[in-house]
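Descriptive analysis of the structure
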Amino acid sequence: MEFFAICFISTLLLINQVVFGLIAVSADGKSEQNVLNPLDIELFHSLHRLSPPVVSPNETLALYTTSYYEPNSNQQFSYLALLDIATAKSTQLTPLSDEVQVSNPLWLSDTKAGYISNGMLYEHNLVPFTKGTLVLNITTGIDSALYRSEAKKLFFTADVYPDGRTDRVEQHVRKEKNRADSGMAFDNLWARHWNSWMTPLKSNIFALDFDSESNTRISKSTNNSALNVMNSLPAFKDPLLRWDVERYTVSSDGSHIAFVIRKPSLSMAWSTDVDLYVIPSDARTTPKLLTADINGAASSPTFSVDGSALAWLQMETPGYESDIRRIYVSNITTNTLVTVARNWTLSPHGLVWSSDGKKLFALASDRGDNKVFSIDIESDQIDEITGHGHIASISRLGNDKLIATYSNNTECANIYTVDLTNPKSSMLRLTAINGDKLQSTYLGASEDFWFKGALNESVHGWLVRPYNFNPLQKYPMALLIHGGPQQGNAHAFSLSQWNPNMYASAGFVVVQINFHGSSGYGQDFTDSITEQWGGYPYEDLMKGVDYVLDNYGFIDSTKMVALGASYGGYMVNWLNGNTDRFAALVSHDGQFNVVSGYYTTDELWFVEHDLGGVPFTASGRKKYEKYNPE
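Residues numbered from 1 in each chain as written. Predicted model: local features only at pLDDT ≥ 70, side-chain atom pairs only at ≥ 80, totals over all residues. Heavy atoms only, no water.

With that out of the way, let us pick up the pairing of strand S17 (residues 256–262). With 6 of 7 residues buried, S17 lies mostly within the body of the structure. The pairing of strand S16 (residues 245–250) with S17 spans 5 bridges and is antiparallel. Looking across to S17, one finds that Thr249 is bridged to Ala258. The hairpin turn running from S16 into S17, its antiparallel successor, is 5 residues long, and Gly254 in that turn takes a positive phi close to 80 degrees. Note: S17 against strand S18 (residues 274–280), 7 bridges, orientation antiparallel. Considered in S18, the bridge of Arg262 is made with Val274. (Buried < 20%, exposed > 50% of the residue type's maximum accessible area, 1.4 Å probe, protein only. Helix = DSSP H or I, 4+ residues; strand = E, 2+ residues; numbered from the N terminus. Pairing = 2+ DSSP bridges.)

Written out as structure tokens, the structure reads:
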């Protein structure tokens, strides 16, 4: 078997021509030029990326940002856009500049917008193609911002040093620059997370009195009036492991803030305990911990419209990052806590309240689709609102609608409204992002199939036919293996290197299989991969390949390539030592030795849970070696 360690999609065409020797021809043996063009690498990377829309206070307009890469100039551009919801007309607000990256759209009033650019907060008067006016500038930069007009308060997150002061950041920065050495000392294993070293700078939440209708502007010299609402949290002895907010939300009247935060401790490399706190926005009391008796990860906090209740998603199993998320609701005034729809087998990952506070709308992966569900808080009744495709974000729009971003295999993400009074046939598109770029481009639809996999259980997959498809011809096959591993392939338009249509345009039949361990098929199916990395998923993939070869006669079994990243890369390495049915393999950042991988990871909770222990005990080492590709 030939093994190709190839990381860029553009080389797929090279594999196609050199390894497989394929040239697209018509039924009579002559070259064929399809009316549609293939999805080439330059076009793919120039596609516009859309942010979730943010609805105005009067619910007639929405803000969103668009970013894209320009291959000819090798520059990245972004701009703020305004959407009129009634007419579905979009207007570009900020001019293009490769030096100004725009993010975090927010409303300061019905007629005034805000956005963050290069770490600074700007306001904008909704005049097309004009620059915004600087509102707030902090030395370390602003990460996110929210505004509540009723309270006339601006809320933002920014990195600060242990004293928690925004006005002293420059002083600390100068001190760091003047150090005689650059050494770093760590007394714990949470020295680094992914590509970032632990430093004294941590993200904190600030509240600032701000009237958007006045002409007041906040400079670096006066921003010491910002209130750090996290200052009353107990100090931790190691300044490198201080409180670092992960997500926050503010009630609609601006009176309360809820935030999720990983508790600092010396065991953070083993802990998935992410807590949820609530605090008055004036910080007159200390933050209240709502998850003291739960040692899993909290996420997605959201206040009801009237601010009386707070809902969030909660994992309950310590040390398991892919545990099912339960829906928790806390009554802020009565201090009562309940779980909602506890018997639901899907794991939601986003929540929005209904206007009357009687329902929650949740996003959840379900058999390859990411759908909207409504959950009645009193009865626990769950109703499916949307069907095929991928809803990536939702927000409330009036009493009977949601505004959402939606995509599928053949359509880039666009903004839609969802009519809650007419489920499943209720989606209305408001934007046509990339429509002009893709109108003459081949985008193959996914064709779903099911087969019996490991444990004799049904396993789901789909394929995409190649560009210039001819049923009388044989085609090479690309098996794309997802990472996670507790994630799943989705009926979505991916803007990563794993978009199946990139490979279909290079001449491949593309196959994707949601093997045991994937999300969207019930928590038992997800959990089944524990201590089975090279077991059940490998069996599913082999049986899935058998299925498509038996049922799709246009696939050439001698010209198959398997590709994957992260866990998918691990599986490609496992295939390399366990089967010779693939003519080429592509492993992108996949573990080759899971034993050495244990000693390099920053998240020990992950490998110790998934692989079943530690490699430095006899029983643990046996488990690691069982499915070690080396």
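Per the stated rule, a full pass over the model turns up 2 cavities of 30 Å³ or more. Taken together, Ile324, Arg325, Arg326, Ile327, Val340, Ala341, Arg342, Trp344, Leu346 and Pro348 make up the lining of the second largest cavity. Class assignment of the residues belonging to the lining of the second largest cavity gives a composition of 7 nonpolar, no polar and 3 charged. (1 Å grid on protein atoms, 1.4 Å probe; cavity = no way out; pocket = protein on both sides within 12 Å on 5 of 7 lines; lining within 4 Å. Points joined across faces, edges and corners; volume = space filled by probe spheres on them. Nonpolar A, V, L, I, M, F, W, Y, C, P; charged D, E, K, R; others polar.)

So, on to the sheet that holds strand S34 (residues 475–481). One open sheet holds the 6 strands; their spatial order is S32-S33-S35-S34-S36-S37, and the pairing between them is mixed. Looking at which strands have only one partner, the edges of the open sheet turn out to be strand S32 (447–452) and strand S37 (584–588). Averaged over all neighbouring strand pairs, the angle between strand axes comes to 25 degrees, with direction disregarded. Relative to strand S35 (residues 509–514), S34 is paired through 4 bridges, and the arrangement is parallel. Bridge assignment links Ala478 to a residue of S35, and that residue is Val510. Most of the contacts of helix H7 (residues 536–551) go to S32, to which it runs at about 120 degrees, and overall it touches S32, strand S33 (458–464), S34, S35 and strand S36 (555–565). Across the face of the sheet, helix H8 (residues 567–578) comes into contact with S34, S36 and S37 while running at roughly 135 degrees to S36. (Axes fitted to C-alpha atoms, helices over the stretch in contact; angles between N-to-C directions. Contact = heavy atoms within 4.5 Å.)

One finds Leu479, Ile481, Val511, Met571 and Phe582 to be the most contacted residues of the largest nonpolar core, which totals 49 residues. Per-element accounting of this core gives the leading share, 6 residues, to H8. The contact partners of Ile481, leaving out residues within four places of it in the chain, are Phe515, Leu541, Ala562, Leu563, Gly564, Ala565, Gly568, Met571, Val572 and Leu575. One finds Leu39, Val464, Ala504 and Ala506 within the second-largest nonpolar core, a separate group that totals 23 residues. (Core = buried A, V, L, I, M, F, W, Y, C linked by side-chain atoms within 4.5 Å.)

With that out of the way, let us pick up the layout of surface pockets. Computed from the structure, the second largest pocket encloses a volume of approximately 1800 Å³. Lining of the second largest pocket is provided by 49 residues; of these, Val54, Leu146, Arg148, Thr249 and Ser395 occupy positions nearest its centre. Those elements that provide at least two residues to the lining of the second largest pocket are strand S2 (54–55), strand S6 (102–109), strand S10 (142–148), S16, strand S20 (298–303), strand S24 (348–353) and strand S28 (390–397).

A word on the confidence of the model for the protein chain. Taken residue by residue, the protein chain gives an average pLDDT of 91. The fraction at 70 or more is 93%. Scored below 50 in pLDDT, residues 22–33 shows 24 contacts in the model against residues more than four places distant or in partner chains. (pLDDT = per-residue confidence, 0-100.)

As a further point, take the sheet that holds S20. As summarised here, the arrangement of the 4 strands in space is S20-S21-S22-S23, forming an open sheet in which the pairing is antiparallel. On the outer flanks of this sheet lie S20 and strand S23 (337–340), each paired with one strand and no other. Between one strand axis and the next, the sheet turns through 25 degrees on average, direction left out of account. Bridge analysis of S20 against strand S21 (residues 309–314) gives 4 bridges, and the strand direction is antiparallel. Residue pairing across strands places Ser299 opposite Leu313, the latter belonging to S21.

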